[in-house]
Each structure stands twice: as C-alpha cells, then as structure tokens.
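What the coordinates show
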Amino acid sequence: MRLLAFSLFAALTLSSLPAPAHEFWISPETYTVEPEGQIVAHIRVGQNFKGGAYSYIPQNFVRFDMVAGDRVIPVEGRIGDRPALSMTAPAEGLVTLVHQTTDYFLTYSDADTFVNFVTSKDFDGVLAEHKARGLPEAGFRERYSRFAKSLIAVGDGDGADREVGLLTEIVALANPYTDDPSAGLPVQVLYQGAPRAGVQVDVFARGADDAVTLTKYRTDDAGLAVISVQPETDYLVDSVVMRPLEPEAENDPVWESLWASLTFRVPPR
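Residues numbered from 1 in each chain as written. Predicted model: local features only at pLDDT ≥ 70, side-chain atom pairs only at ≥ 80, totals over all residues. Heavy atoms only, no water.

**Notes on the overall build of the protein chain**
Tallying secondary structure elements over the protein chain gives three helices and 18 strands in all. In terms of overall dimensions, the protein chain has a C-alpha envelope of 55 × 55 × 35 Å along the principal axes. Looking at the protein chain residue by residue over its 269 residues, the buried ones come to 49%. Carbon and sulfur atoms make up 50% of the accessible area of the protein chain, which totals about 12600 Å². Taking the 22 positively charged and 37 negatively charged side chains of the protein chain as two groups, their mean positions are separated by 4 Å. (Helix = DSSP H or I, 4+ residues; strand = E, 2+ residues; numbered from the N terminus. Buried < 20%, exposed > 50% of the residue type's maximum accessible area, 1.4 Å probe, protein only. Areas by Shrake-Rupley, 256 points an atom, 1.4 Å probe, with all protein chains shown as cover. Lys, Arg positive; Asp, Glu negative; His and termini not counted. Charge placed at Lys NZ, Arg CZ, Asp CG, Glu CD.)

Take a look at the structure:
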C-alpha cells in the first residue's frame, strides 16, 4: 500500500511539472545563515519570481549538492520533504547550492506557444530553422532540463562561486555578500564549460516590497554580463540554451531547452 501510494504521488508530481516557459530556481528561506546553522531551501517553478514549491523526490533530479570551497556534499532528505533542502551548513563561508533535474518532455499543441517562448528568450534563427527542417507548426515534442544554483552566506560568507560542472550554468564572478556591488555584479554564462557569447540573460529582482522587476541583458564575447543590483534585494538570473535534436523515431523530441539559473541576495550596505 505504501509503495502504491508513493508511486501515485510520484506520478502526480511528474505530471504536474510545468512547461519550460516557466523559470526554475532554488529559493532559500534565508540567504544568510549562522555557522552550523540550518540551510533551508525550496525548489520552485513559476514565473516572475513566484512559483510553487516542489518536494524532495530523487526521481526528479540527477544532482542535488552543497558546494563549499572544494567540498561537494550531496543533499540528503526523505522522499516528500518540503522544503526540499534542510541541512546543517557544511562550513563558514560562501556555499553554492546546486540542483540538476532529470529530463522532461512536452508537446506543443499550438504554434503560438512555441513562437511566444522562442521570441521571449530571443532565440535568433530558431523559427527559421524549425521551418527549414520541415517540422510541423504544432504537435511536436521538446525535451528540457534545469540547472539551478543559489549562493548562501554562512557566517562571514567569504569565498567565491565557481564552475561546478553543469551542462549549462551561471557563475557569479563577485561575491554579493562580501564584495562591493555598486558598479554591478558580473556573471558568466557557460555551456559545455565554454562562455556563451551574445545570449540573453533575464534578471528578476524582488525588493522589500515584494514587487518584481525583469531586466534583460546580453552577454559579451566572454559570456559576461554585469548586472545592476540594489541592496536588500533578491535576484534570479536565468539563461536558456535551445538546441536541435534529430529524432530517431516517431514522436521523438525535435528540440531541447537547457535552463540555467542563479539566485542570491544583496544584503544591506
């Protein structure tokens, strides 16, 4: 009976995951933690920095870690835990939370949904390539996965974010908790370990009044974007890779989207 209940719960969880036009991010309950305190964070999917929280379900992810310096500590939990992460901070300093989902699939039932998604993420040439490949306007499938990071200050929060080996990821090149961000906070967007030049970066900012603003940036030749930030504000940085897939069988996906996100908070000055 317990196995049946879990199977039903997992099926409902998987079926309720939204289409990839929604952002995916790690949402800590607090971005600053005392040494040996608890790091507590939700996994969220939604839009405009608002979304539902998802449980700790191992079938839904291929990686879930805390990175502290050179240490990589797997996140442990019980199936169904919500928040999805609740563990003692591994060390004083900057801790990077890392989460990679399994692959998911969706079918575009109408052309407008695909056009709107491609347009909103500024995938130059995708619609022309879609037509040139002779693909239908609707009824085709896409595969997608998410690669999320979040920066937590434990104690003094000293340290630096780094590349953690995700297929696509966003690396903060300054520490929002210890560095002066008045001139902006630089981030680098990577794909297969290489900088992504000339791609769109969406930055959602949520201030003390809970209002959310969206600002779009474009990376330079080194994959860098310098984000304008304000104190006492939470940030969600998002960038998406869209790549073609060659189907081997009927109903195979013909596109794949890879979503990278990074969350952090700029503390009071």
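**Some points on the packing of aromatic side chains**
Evaluation of the coordinates by the stated rule reveals 12 aromatic pairs. Taken together, a centroid distance of 5.4 Å and an interplanar angle of 25° make the contact between Tyr235 and Phe264 stacked. In this pair, Tyr235 sits in strand S17 (residues 233-244) while Phe264 sits in strand S18 (residues 255-266), placing the two residues 29 residues apart along the sequence. No difference in accessibility class separates Tyr235 from Phe264, as the two residues are buried. Ring pairing ties together the aromatic residues Tyr108, Phe114, Phe140 and Trp255, which thus form one cluster. The lysine or arginine in question, Arg146, covers the ring of Trp259, its NZ or CZ lying 4.7 Å from the ring centre. Across from the ring centre of Phe49, 4.0 Å away, lies the NZ or CZ of Arg206, which sits over that ring. (Phe/Tyr/Trp six-rings, centres within 6.5 Å; stacked < 30°, edge-to-face > 60°. Lys NZ or Arg CZ within 6 Å of the ring centre and 35° of its normal.)

**Concerning the layout of surface pockets**
In this approach the atoms are scanned with a rolling probe the size of a water molecule, which exposes any empty space left behind. Taken as a whole, the largest pocket encloses approximately 160 Å³ of empty space. Looking at the lining of the largest pocket, the elements with two or more residues in it are helix H2 (111-120) and helix H3 (126-132). Looking at the lining of the largest pocket residue by residue, the classes come out as seven nonpolar, one polar and two charged. (1 Å grid on protein atoms, 1.4 Å probe; cavity = no way out; pocket = protein on both sides within 12 Å on 5 of 7 lines; lining within 4 Å. Points joined across faces, edges and corners; volume = space filled by probe spheres on them. Nonpolar A, V, L, I, M, F, W, Y, C, P; charged D, E, K, R; others polar.)

**Looking at the pairing of S17**
Within S17, 10 of the 12 residues are buried, leaving the element largely enclosed by the surrounding structure. With 12 bridges connecting them, S17 and S18 associate as antiparallel partners. Opposite Thr233, over in S18, you have Val266 as the bridge partner. (Pairing = 2+ DSSP bridges.)

**Comments concerning the environment of Val201**
In this structure, Val201 sits in strand S14 (residues 200-206). Judged by its relative accessible area of 0%, Val201 falls in the buried class. If we skip the residues at most four places from it in the chain, Val201 touches Val189, Thr215, Lys216, Tyr217, Thr219, Val237, Asp238 and Ser239. (Contact = heavy atoms within 4.5 Å.)

**Brief notes about the environment of His42**
On the secondary structure map, His42 appears in strand S3 (residues 38-47). Residues His42 and Pro83 lie 41 residues apart in sequence; the distance between their C-alpha atoms is 4.8 Å. Excluding residues that lie within four positions of it along the chain, His42 makes contacts with Trp25, Ile26, Ser27, Glu29, Ala53, Arg82 and Pro83. A distance of 3.2 Å separates a polar atom in the side chain of His42 from a polar atom in the side chain of Glu29. (Polar contact = N/O pair within 3.5 Å; in protein donor to acceptor, adjacent residues only side chain to side chain.)

**Observations concerning the side chain of Thr102**
Tracing the backbone through its elements, the reader meets Thr102 in the loop between strand S8 (93-101) and strand S9 (104-108). For Thr102, a relative accessible area of 16% translates into the label buried. A polar contact of 3.4 Å, which involves the side chain of Thr102, links it to the side chain of Tyr104. Thr102 has contacts with Gln59, Asn60, Phe61, Val62, Tyr144 and Ser145, leaving out every residue within four places of it along the chain.

**What about the side chain of Glu23?**
In this fold, Glu23 is placed in strand S1 (residues 23-28). Apart from the residues lying within four places of it in its own chain, the contact partners of Glu23 are Arg44, Val45, Gly46, Gln47, Asn48, Lys121, Arg146, Phe204, Leu236, Asp238 and Trp259.

**Notes on the pattern of salt bridges**
By the definition in use, this model includes 14 salt bridges. Taking the shortest distance from any N to any O, the salt bridge between Asp202 and Lys121 comes out at 2.7 Å. Within this pair, whereas Asp202 is found in strand S14, its partner Lys121 is found in the loop between H2 and H3, the two being separated by 81 residues in sequence. For Asp202, a relative accessible area of 2% translates into the label buried. For Lys121, a relative accessible area of 9% gives the class buried. Arg243 serves as the salt-bridge partner of Glu256, at 2.7 Å between the closest nitrogen and oxygen. Of this pair, Glu256 sits in strand S18 while Arg243 sits in strand S17; the two residues are 13 residues apart in sequence, bridging distant segments of the chain. The class for Glu256 is buried, based on a relative accessible area of 3%. (Salt bridge = Lys/Arg side-chain N within 4 Å of Asp/Glu carboxyl O.)

By themselves, these are just geometric observations and shouldn't be taken as functional.
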